[in-house]
Amino acid sequence: MRARSTLLLLLPGLAFLLVGFLLPAVAMLFAPPGVTFAQVIERMGAMLTDPYDLGIIWRTVRIGLIVTALCVVLGFPIASLLARSQSRWAGVLLALAIFPLLLSNVVRTFGWLVVLGSNGVIGQLLTGLGIVEKAPQLLYTELAIVLGLVQLFLPLAVITCYSAVAQVDPGLDEAARGLGASRTRSFWTILVPLSLPGIVVAATLVFAGSVTAYTTPYLLGGSSQRMLSTQLFSYASVTVDWAAASATAIVMTVLVFLVSGISALAGRKGATS
Amino acid sequence: MSRSLKLRHPVAGTLAVAGYVIMIVPILFVVATAFTAGSTLRFPPEGLSLRWFGEALAYSPFMEAVVSSLELAVLATALALVLGVPVTLAIHRGRLPGKGLLEGLFLSPLVVPELVVGLALYQQLMIGLHLDNFTTLLLGHTALLLPYAVRVTGASLALADPALEEAARGLGASPIRAFVTVTLPMLRPGLISAGLLGFVTSFNNVPLSLLLQTRDFRTLPVTMLDYVQQSYDPMVAAASTLVLAATVVVAVVAERTVGFAKIFGGINR
């Protein structure tokens with residue numbers, strides 16, 4: 001293919017990418033309307049010293065870490081059971097784990113309103129059985145956000161871990177078991193270390209998704225459990241504070257890039273050692 | 001037999017069951033409450049009826065939003081494929097310096113938080129350049145779907161042998177004819193996967209679309225989100241159940257054409 005025709009193939013896509021993504025993103029971060037970059041940086045400095053703003057950043061990171069840990073702890077067993085099972089149900093169960101990825105986040109998150117709401121399943125169950133007199137406040141808590149995000153990102157963890165486990169030769173497990181290792185021991189010494197790169201990728205995707213998700217903290221956290229995403233929306237659309245919105249956007253983007261960068265480095269190191 | 005024995009490992013089994021409960025059970029409760037005859041979102045539902053399905057289908061903001069979302073998703077997906085496939089060809093077949101960098105550039109919309117992109121488009125294009133919100137949404141969704149088009153069709157193209165197209169050229173076919181009759185059929189699975197992924201991603205999107213709404217053109221997920229925040233009746237449960245039913249249809253189509261697991265296996269790597 002000649003250089004000129006290659007360029008012709010590239011240009012339309014490149015133009016869309018620039019107008020629909022790159023240029024606006026750069027302009028928003030560095031020069032929002034009527035605000036100088038110095039003011040954005042100043043606002044970011046204020047954010048990193050203000051206890052309220054720091055609380056939101058810390059809540060976002062904390063929820064991200066908890067959700068990531070839970071998704072790996074729940075997702076890896078599902079992936080390894082499905083990848084190693086020869087039952088014909090394994091295919092059905094895998095499809096069931098992937099299906100939620102196709103389903104709207106709003107629909108999935110809405111389910112927790114039914115489960116956790118004041119007239120919800122858990123509240124009715126607890127009061128109905130006489131365990132508590134008044135249904136406990138479950139909605140608009142950090143627990144609700146964590147549950148909602150685990151539901152959202154577990155399918156991603158399962159499918160990423162699944163492809164990692166599927167690449168590990170089952171013969172290795174069998175050899176270890178044949179040499180007398182227990183099932184638990186072969187799981188921890190063979191399967192987990194050999195699937196570790198996949199687990200790291202899964203963890204990174206889940207963390208990046210959790211700290212930037214909007215629907216879940218909006219519906220399940222309300223205004224008392226603000227995260228960076230809901231705070232960003234409120235700066236952009238309620239108070240129209242462009243400096244604060246850009247500063248929050250920078251914090252959020254840096255957080256994601258930092259974690260993705262660390263994980264990419266870890267992956268490279270793992271590959272060479 | 002050790003392969004099936006693992007299923008009986010108690011700790012792993014318990015964790016796996018807990019995982020499935022969290023993934024699936026809330027969705028089942030949505031369906032159950034949609035059939036209530038009562039007017040509150042409670043469980044167990046008070047009586048059975050299809051009343052809320054009727055209300056959801058008669059509620060014009062939802063119906064208008066369905067049309068808007070379909071329109072946007074179809075156009076953005078088509079545009080992303082029309083723009084993305086040539087880019088894939090250029091990256092994989094062209095002689096260009098810095099191919100890795102170029103591919104990274106086209107995948108970059110995947111790594112920047114969508115809410116941040118939404119803010120940027122709202123501020124710079126809608127407020128700054130006075131673009132109308134449909135154009136802005138279409139630009140944003142297309143850019144968001146480009147990575148899917150480039151990466152997923154790229155995986156198909158990598159499997160296609162360039163020698164076949166050269167052979168067609170050698171036998172006298174024009175470059176366009178050789179592409180359409182030889183290479184394009186080999187890209188089919190990738191095109192279907194990227195198309196389905198793109199459509200679903202665009203149709204369900206909230207963070208990118210959130211700030212780009214106006215009264216004249218609103219997408220379905222954002223309309224539903226607003227409705228939930230204002231009133232707490234089972235109509236959204238009914239609307240959600242209808243969305244769920246439509247998603248099942250999409251899933252069946254995906255399974256029949258390229259295979260479910262394959263579609264989603266490609267995008268993460």
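For clarity, every value in this text was computed on a predicted model and none was experimentally measured.

Reading the values: rules and limits
- Residues numbered from 1 in each chain as written.
- Chains lettered and ligands numbered in written order.
- Predicted model: local features only at pLDDT ≥ 70, side-chain atom pairs only at ≥ 80, totals over all residues.
- Heavy atoms only, no water.
- Helix = DSSP H or I, 4+ residues; strand = E, 2+ residues; numbered from the N terminus.
- Buried < 20%, exposed > 50% of the residue type's maximum accessible area, 1.4 Å probe, protein only.
- Contact = heavy atoms within 4.5 Å.
- Areas by Shrake-Rupley, 256 points an atom, 1.4 Å probe, with all protein chains shown as cover.
- Lys, Arg positive; Asp, Glu negative; His and termini not counted.
- Charge placed at Lys NZ, Arg CZ, Asp CG, Glu CD.
- Buried area = accessible area lost by both parts, 1.4 Å probe.
- Polar contact = N/O pair within 3.5 Å; in protein donor to acceptor, adjacent residues only side chain to side chain.
- Phe/Tyr/Trp six-rings, centres within 6.5 Å; stacked < 30°, edge-to-face > 60°.
- Core = buried A, V, L, I, M, F, W, Y, C linked by side-chain atoms within 4.5 Å.
- Expected span 1.5 Å × (residues − 1).
- Salt bridge = Lys/Arg side-chain N within 4 Å of Asp/Glu carboxyl O.
- UniProt positions renumbered as here; feature names shortened; annotations may be inferred.

For chain B, the count of helices and strands is 12 helices and 0 strands. In chain B, the succession of helices and strands from N to C terminus is α-α-α-α-α-α-α-α-α-α-α-α. Within chain B, the proportion of its 269 residues that are buried is 54%. Across chain B, every contact between residues at least 6 apart in sequence was considered, and the portion connecting residues at least 24 apart equals 70%. On chain B, roughly 11800 Å² of surface is accessible, and the fraction owed to carbon and sulfur atoms is 68%. When the 17 basic and 14 acidic side-chain charges of chain B are each reduced to a single mean position, those positions are 14 Å apart.

All right, on to the overall build of chain A then. Along its length, chain A carries 12 helices and 0 strands. The order of helices and strands in chain A, counted from the N terminus, is α-α-α-α-α-α-α-α-α-α-α-α. In terms of principal-axis extent, the alpha carbons of chain A reach across some 75 × 70 × 35 Å. Counting every position in chain A, which comprises 273 residues, the buried fraction comes to 52%. A separation threshold of at least 6 residues defines the contact pool for chain A, and within that pool the share at least 24 residues apart is 73%. Summed over its atoms, the accessible surface of chain A is roughly 12000 Å², and 69% of this surface lies on carbon and sulfur atoms. The averaged location of the 9 negative side-chain charges in chain A is 11 Å from the averaged location of its 15 positive side-chain charges.

To continue, consider the interface of chain A and chain B. Chain A puts 92 residues into the contact, and the matching count from chain B is 85 residues. Across the chain A to chain B interface the summed buried area is about 8200 Å²; carbon plus sulfur atoms make up 78%. The tally of links between chain A and chain B comes to 2 residue pairs in polar contact (both at pLDDT 80 or more). Element by element, the count of residues in the side of chain A that touches chain B is highest for helix α1 (residues 3–30) of chain A, at 16 residues.

As a further point, take the packing of aromatic side chains. For the structure shown, the criterion picks out 11 aromatic pairs over all chains. Centre to centre, the rings of A:Phe187 and A:Trp188 are 5.3 Å apart; their planes meet at 90°, and the pair counts as edge-to-face. For A:Trp188, a relative accessible area of 55% gives the class exposed. Look at B:Phe62 and B:Tyr227: their rings are 5.5 Å apart centre to centre, the planes differ by 65°, and that puts the pair in the edge-to-face class. Note that B:Phe62 is positioned in helix α4 (residues 60–93) and B:Tyr227 in helix α10 (residues 220–230), a separation of 165 residues in sequence. Each member of the pair B:Phe62 and B:Tyr227 is classed as buried.

The biggest cluster of nonpolar side chains holds 154 residues, and the ones touching the most others in it are A:Phe110, B:Leu119 and B:Met224. In terms of residue count, helix α7 (residues 142–166) of chain A provides more of this core than any other element does, 12 residues in total. Listed in part, the 11 residues of the second largest apolar core include A:Cys161, A:Val168, A:Leu191 and A:Ala202.

Residue and element names in this part refer to chain A. Given a rise of 1.5 Å per residue, 12 residues ought to cover 16 Å, and the 17 Å separating the end C-alpha atoms of helix α5 (residues 105–116) matches this to within 8%. Along α5, the residues classified as buried are Val-106, Val-107, Arg-108, Thr-109, Phe-110, Gly-111, Trp-112, Leu-113, Val-114, Val-115 and Leu-116. The N-cap of α5, judged by a side-chain oxygen 3.1 Å from the amide nitrogen of Val-106 a few residues on, is Ser-104.

Before going further, it helps to examine the pattern of salt bridges. Where charged atoms from two side chains of opposite charge come close, those side chains can pair. Residues and elements named next belong to chain A. By the definition in use, this model includes 7 salt bridges over all chains. The shortest N-O distance in the salt bridge between Arg-62 and Glu-142 comes to 2.8 Å. Of this pair, Arg-62 sits in helix α3 (residues 51–84) while Glu-142 is found in helix α7, placing the two residues 80 residues apart along the sequence. With relative accessibility at 22%, the residue Glu-142 sits in the partly exposed group. Between Asp-173 and Arg-84 there is a salt bridge, and its shortest N-O distance comes to 3.1 Å. On the criterion of sequence distance, the pair formed by Asp-173 in helix α8 (residues 170–178) and Arg-84 in helix α3 is long-range, its members being 89 residues apart. By relative accessible area, which is 6% here, Asp-173 ends up buried. Counted as one network, the salt bridges with shared partners bring together Arg-59, Arg-62 and Glu-142.

Further remarks concern the environment of B:Phe217. On the secondary structure map, B:Phe217 appears in the loop between α9 (175–204) and α10. Among residues more than four places away in sequence, those in contact with B:Phe217 are B:Ser68, B:Glu71, B:Leu72, B:Asn133, B:Phe134 and B:Leu137.

Residues annotated by UniProt as "domain: ABC transmembrane type-1" (unreviewed entry) correspond here to residues 57–263 of chain A. End C-alpha atoms of residues 57–263 of chain A are separated by 20 Å, and the span's content is 78% helix alongside 0% strand.

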